[in-house]
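Secondary and tertiary structure notes
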Amino acid sequence: MTMDTIETIRYAGPAFRAQTDPLTHRGFAGRLLIALRSLARQIDRMLQRWRGRLALLEMTDEQLKDIGVSRCDAHREGIRAFWE
């Protein structure tokens, strides 16, 4: 009884690149797009922090007590700049 062998997958140049992110191999335009995506993610994180801090300012004393935050701490956190 003979067994068939399994062919090994080997790097074959451009065919391998098609499986990865094609933008990493496109020079300046690809790097620019990657940088813009990174910037967009950073801005999104800053906006999420800002919205969370605004929500703290809008909470009642009972809600703050439930999460274990004093009004003073909520105010101090709420007035911080969104990039901090």
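Residues numbered from 1 in each chain as written. Predicted model: local features only at pLDDT ≥ 70, side-chain atom pairs only at ≥ 80, totals over all residues. Heavy atoms only, no water.

The next point concerns the overall build of the protein chain. Looking only at helices and strands, the protein chain has four helices and zero strands in total. For the protein chain, the proportion of its 84 residues judged to be buried stands at 12%. Long-range pairs, those at least 24 residues apart, make up 32% of the contacts in the protein chain between residues at least 6 apart in sequence. Only carbon and sulfur atoms are counted for the fraction: they give 60% of the accessible area of the protein chain, which is about 7500 Å². (Helix = DSSP H or I, 4+ residues; strand = E, 2+ residues; numbered from the N terminus. Buried < 20%, exposed > 50% of the residue type's maximum accessible area, 1.4 Å probe, protein only. Contact = heavy atoms within 4.5 Å. Areas by Shrake-Rupley, 256 points an atom, 1.4 Å probe, with all protein chains shown as cover.)

The next point concerns the pattern of salt bridges. Pairing is possible between side chains that carry opposite charge, provided their charged atoms lie close to one another. One pass over the structure, following the stated rule, counts four salt bridges. A salt bridge links Glu77 to Arg53; the shortest N-O distance between them is 2.9 Å. One end of the pair, Glu77, is in helix α4 (residues 71-78); the other, Arg53, is in helix α2 (residues 27-58), with 24 residues separating them in the sequence. Look at Glu77 and you get partly exposed, because its relative accessible area is 27%. (Salt bridge = Lys/Arg side-chain N within 4 Å of Asp/Glu carboxyl O.)

Taken together, the side chains of Phe28, Leu32, Leu33, Leu36, Leu39, Ile43, Leu47, Trp50, Leu54, Leu57, Phe82 and Trp83 make up a nonpolar region of the molecular surface, amounting to roughly 1100 Å² of accessible area. Within the secondary structure, Ile43 is located in helix α2. (Patch = residues over 30% accessible without salt bridge, like charges linked within 9 Å, V, L, I, M, F, W, Y side chains within 5 Å.)

Compared with the 46 Å implied by 1.5 Å per residue over 32 residues, the 47 Å span of α2 between its first and last C-alpha is a close match. Among the residues of α2, Gly30, Met46, Arg53 and Leu56 are the ones counted as buried. On its buried face, α2 is in contact with α3 (61-67) and α4. (Expected span 1.5 Å × (residues − 1).)

The next point concerns the packing of α2 against α4. In contact at an axis separation of 8 Å, α2 and α4 are set at 145° when each is read in the N-to-C sense. The crossing of α2 and α4 is left-handed. Contact residues: Arg53, Leu56 and Leu57 in α2; Arg71, Ala74, His75, Glu77 and Gly78 in α4. The residue inventory of the contact of α2 with α4, partitioned by class, reads three nonpolar, two polar and three charged. (Axes fitted to C-alpha atoms, helices over the stretch in contact; angles between N-to-C directions. Left-handed = near helix turned anticlockwise from the far one by under 90°. Nonpolar A, V, L, I, M, F, W, Y, C, P; charged D, E, K, R; others polar.)

What follows deals with the confidence of the model for the protein chain. Of all residues in the protein chain, 70% attain a pLDDT of 70 or more, and the chain-wide mean is 80. The least confident element of the protein chain, judged by mean pLDDT, is helix α1 (residues 14-17) at 52; the most confident is α3 at 93. (pLDDT = per-residue confidence, 0-100.)

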